[in-house]
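Below are the chains, spelled out letter by letter.
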Amino acid sequence: MPVTTDYKGYKGLPAIVGLHKMEDAIDKGLTVSESVNRLKRYHWTAKRLSLILIGRITSMPIYELKMAFSMHAHLLAEHVEPFFNRVREMREPPYGMDETPHVAMDIVLNEIQNAPTTEALILGIYQYIIPALVSGLERHIADNNKLFDHPTYRICKLALSDIKEIEDYGQKAIKALISADDLIAYHDWMCYLEIGLNSMGGLDGTQPVSVVASDELFWKEAYLFDFIPQRDERFFDGYNMRVNAEAFLFDRDIDALPKTLMLYFKRMREINVPEMMASIVHETKDKPWEYYREMIRQIWDEARHAMMGEVGFASLDIDWKKIPMDVTWCHILNTELSNKERHAVLFYIEQGLMPAKTGKKYEWEVAVATTNRLTELIQDYDWADEVLHARIGRDWIVPELGGQDKALEFGNRAWDKALTNRYDQFEQEGRTKHHNWWPEIYSEACKHWEIEPDPEVLNFDISYRESRPDQQKV
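As the structure is a computational prediction, the values presented were derived from the model and not from experiment. (Residues numbered from 1 in each chain as written. Predicted model: local features only at pLDDT ≥ 70, side-chain atom pairs only at ≥ 80, totals over all residues. Heavy atoms only, no water.)

K.L.:
Quick one: what's the story with helix H4 (residues 103–113), residue by residue and with numbers?
P.N.:
A large share of H4 lies buried, amounting to eight of its 11 residues. Buried-residue contacts for H4 involve helix H2 (32–57), helix H5 (118–143) and helix H8 (187–199). (Buried < 20%, exposed > 50% of the residue type's maximum accessible area, 1.4 Å probe, protein only. Helix = DSSP H or I, 4+ residues; strand = E, 2+ residues; numbered from the N terminus. Contact = heavy atoms within 4.5 Å.)

In structure tokens:
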């Protein structure tokens, strides 16, 4: 019997720390060059696909997909640098990693980027490119010698865990949103994508090349970023500025419990932030990847905050679709301010949330005072995230504007410009009648709490006509 058949360590301890059976350690393995070639393809796919997803957040009307794109872009963005760094460690200068490792790869990715409908986009991402990336990573792990190339094995294993999570969601999205008619309508395009993947030997380049990809684009029109935020039919009265949540929260004479509703409202309307920040990322070119990674992380955080508000309303049996989730902030910033002004406004707001008496610490204290653990948890993590976001702003936009004081002054002016006279403008343009939705929602919450509405709280009626969310006069 060969010595490797029953090879064991001291007193039965796993040999070679359990990474392989000895016979596999002898037989398995990729050369450095083979491993690097695959890593370059994962790197490019994750990098491009994360930005493709970011580019669709603002114009994606379906709320759940808007949130999913934020998360999936984040998961992909987090693995770009590990793939890059591993290539750099393996005697391979990272030259050329700012361009596609195979021309057919960009053909496929460009087609997905240019997909003209939600259905085509879902099919391209979740039926083709993500499963191809999963297959490549699984094959790499199977072929890899975990002892000789353990760093690559670990990087691929961690990436696979996240990307399989994306794949799982994607399959559910396909089941929910793609009809038999859609599959017929996009049959030729799906064949085009298959040809593209086959022509590069699969996404990882390990399969036989059976066809040559066409140079001719299937979708003739390139995708153009849409700066106007889109919402699905569940959202209504998006320009309603009647209920000033901050004025309610900062009123020390109001008990903590009804403030729960305003905290949930503030969280869920943060859907505005990914819709706005996506435009900053889209328009900002030639930054180090760390910039895009951090900005995409913040986009996902803000999406999480919106869903935290959704969870909060669900806990009270309140249908959030009865509440106007305003789109004004994102719409104005995206269509009327410059990219630099948008980022400066974002930093001004984030930095303004740091003071203890009026910022995130105060909101957390209100949440604790409600004695509702869910509300406390939501504000606890919201506060933690915002500290990070203020730091991201200090690292990236503050230096461009000449320091923190100048950045804050610039952001303050830009925000004031964005909000001046908007309340009356939106009403005059017929976009909203600024209906006061507060009494109905507060009354519903009181039923859940099994209490009688407080008449003074019920009659709250302060709007954003003359003040911003930070309570500065417009």
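K.L.:
Tell me what's going on with the pattern of salt bridges, and back it up with residues and numbers.
P.N.:
Following the criterion strictly, the structure yields 42 salt bridges and no others. Across the pair Asp 301 and Arg 297 runs a salt bridge, and its minimum N-O distance is 2.9 Å. Of this pair, Asp 301 and Arg 297 are both found in helix H12 (residues 289–315), four residues apart, which corresponds to roughly one turn of the helix. Since its relative accessible area comes to 1%, Asp 301 is described here as buried. By relative accessible area, which is 27% here, Arg 297 ends up partly exposed. Several salt bridges share partner residues, and in doing so they unite Glu 246, Lys 266, Arg 267, Arg 269, Glu 270, Lys 360, Glu 363 and Asp 382 into one network. (Salt bridge = Lys/Arg side-chain N within 4 Å of Asp/Glu carboxyl O.)

K.L.:
Lay out the nonpolar core with the relevant residues and their values.
P.N.:
Residues Ile 129, Leu 261, Phe 313 and Trp 438 are the most contacted members of the largest nonpolar core, which totals 133 residues. When residues of this core are assigned to their parent elements, the largest contribution, 14 residues, is made by H5. Ignoring anything within four residues of it in the chain, the contact list for Leu 261 reads Phe 313, Leu 316, Ile 318, Trp 438, Ile 441, Tyr 442, Ala 445 and Trp 449. Judged by nonpolar contacts, the second largest core, of six residues, contains Ala 344, Phe 347, Ile 397 and Val 398. (Core = buried A, V, L, I, M, F, W, Y, C linked by side-chain atoms within 4.5 Å.)

K.L.:
Describe unusual backbone geometry, with residues and values.
P.N.:
For His 434, which is not a glycine, the phi torsion comes out positive at approximately 50°. By the secondary structure assignment, His 434 is in the loop between helix H18 (422–428) and helix H19 (438–449). Here the phi dihedral of Gln 471 falls at roughly 70°; this positive angle occurs in a residue that is not glycine. One can find Gln 471 in the segment after helix H20 (455–458).

K.L.:
How would you summarise a negative patch on the surface if you had to cite specific residues and measurements?
P.N.:
The grouping of Asp 253, Asp 255, Asp 454 and Glu 456 at the surface amounts to a negative patch. Following the sequence through the fold, Asp 454 ends up in the loop between H19 and H20. According to the relative accessible area criterion, Asp 454 is partly exposed, its value standing at 34%. (Patch = residues over 30% accessible without salt bridge, like charges linked within 9 Å, V, L, I, M, F, W, Y side chains within 5 Å. Areas by Shrake-Rupley, 256 points an atom, 1.4 Å probe, with all protein chains shown as cover. Lys, Arg positive; Asp, Glu negative; His and termini not counted. Charge placed at Lys NZ, Arg CZ, Asp CG, Glu CD.)

K.L.:
Any chance you could break down the packing of aromatic side chains for me, citing the residues and the numbers?
P.N.:
For the structure shown, the criterion picks out 22 aromatic pairs. Ring geometry for Phe 250 versus Tyr 362: centroids 5.7 Å apart, planes at 50°, classification tilted. In this pair, Phe 250 sits in the loop between helix H9 (245–249) and helix H10 (256–268) while Tyr 362 sits in helix H15 (residues 360–369), placing the two residues 112 residues apart along the sequence. One aromatic cluster in this structure is built from Phe 248, Phe 265, Trp 437, Trp 438, Tyr 442 and Phe 460. Over the face of the ring belonging to Tyr 223 we find Arg 56, whose NZ or CZ atom lies 4.0 Å from the ring centre. (Phe/Tyr/Trp six-rings, centres within 6.5 Å; stacked < 30°, edge-to-face > 60°. Lys NZ or Arg CZ within 6 Å of the ring centre and 35° of its normal.)

K.L.:
Account for the packing of H10 against H12, naming residues and giving values.
P.N.:
Where H10 contacts H12, the two axes come as close as 6 Å, and the packing angle between them is 145°. Crossing angle aside, the handedness with which H10 passes H12 is left-handed. On H12, the residues touching Leu 261, Tyr 264, Phe 265, Arg 267 and Met 268 of H10 are His 305, Ala 306, Gly 309, Glu 310, Gly 312, Phe 313 and Ser 315. Of the residues assigned to the contact of H10 with H12, the class counts are six nonpolar, four polar and two charged. (Axes fitted to C-alpha atoms, helices over the stretch in contact; angles between N-to-C directions. Left-handed = near helix turned anticlockwise from the far one by under 90°. Nonpolar A, V, L, I, M, F, W, Y, C, P; charged D, E, K, R; others polar.)

K.L.:
Describe the environment of Gly 352, listing the residues and the values that go with them.
P.N.:
Along the chain, Gly 352 falls in helix H14 (residues 339–352). Judged by its relative accessible area of 37%, Gly 352 falls in the partly exposed class. Considering only alpha carbons, one finds Gly 352 and Ala 120, 232 residues apart in sequence, at a separation of 41 Å.

K.L.:
Give a description of the packing of H15 against helix H16 (residues 373–396) that names residues and reports values.
P.N.:
Axis separation between H15 and H16 bottoms out at 8 Å; the angle between their running directions is 170°. On the basis of their axis angle, the class for H15 and H16 is roughly antiparallel. Residues Lys 360, Lys 361, Glu 363, Trp 364, Ala 367 and Val 368 of H15 lie in contact with H16, whose contacting residues are Thr 375, Glu 376, Gln 379, Asp 380, Asp 382, Trp 383 and Glu 386. Partitioning the contact of H15 with H16 into residue classes produces four nonpolar, two polar and seven charged. (Parallel < 35°, antiparallel > 145°, perpendicular 65-115°, else oblique.)

K.L.:
Quick rundown of the environment of Val 327? Include the residues and the values.
P.N.:
Tracing the backbone shows Val 327 in the loop between H12 and helix H13 (328–336). Among the residues examined, Val 327 registers a relative accessible area of 7% and is labelled buried. A sequence separation of 97 residues divides Val 327 from Gln 230, and the C-alpha atoms of the two residues are 8.8 Å apart.

K.L.:
I'd like to hear about the environment of Glu 365, residue by residue, with values.
P.N.:
With respect to the helices and strands, the residue Glu 365 is situated in helix H15. Distance in space between the C-alpha atoms of Glu 365 and Glu 376 is 8.2 Å, their sequence separation being 11 residues.

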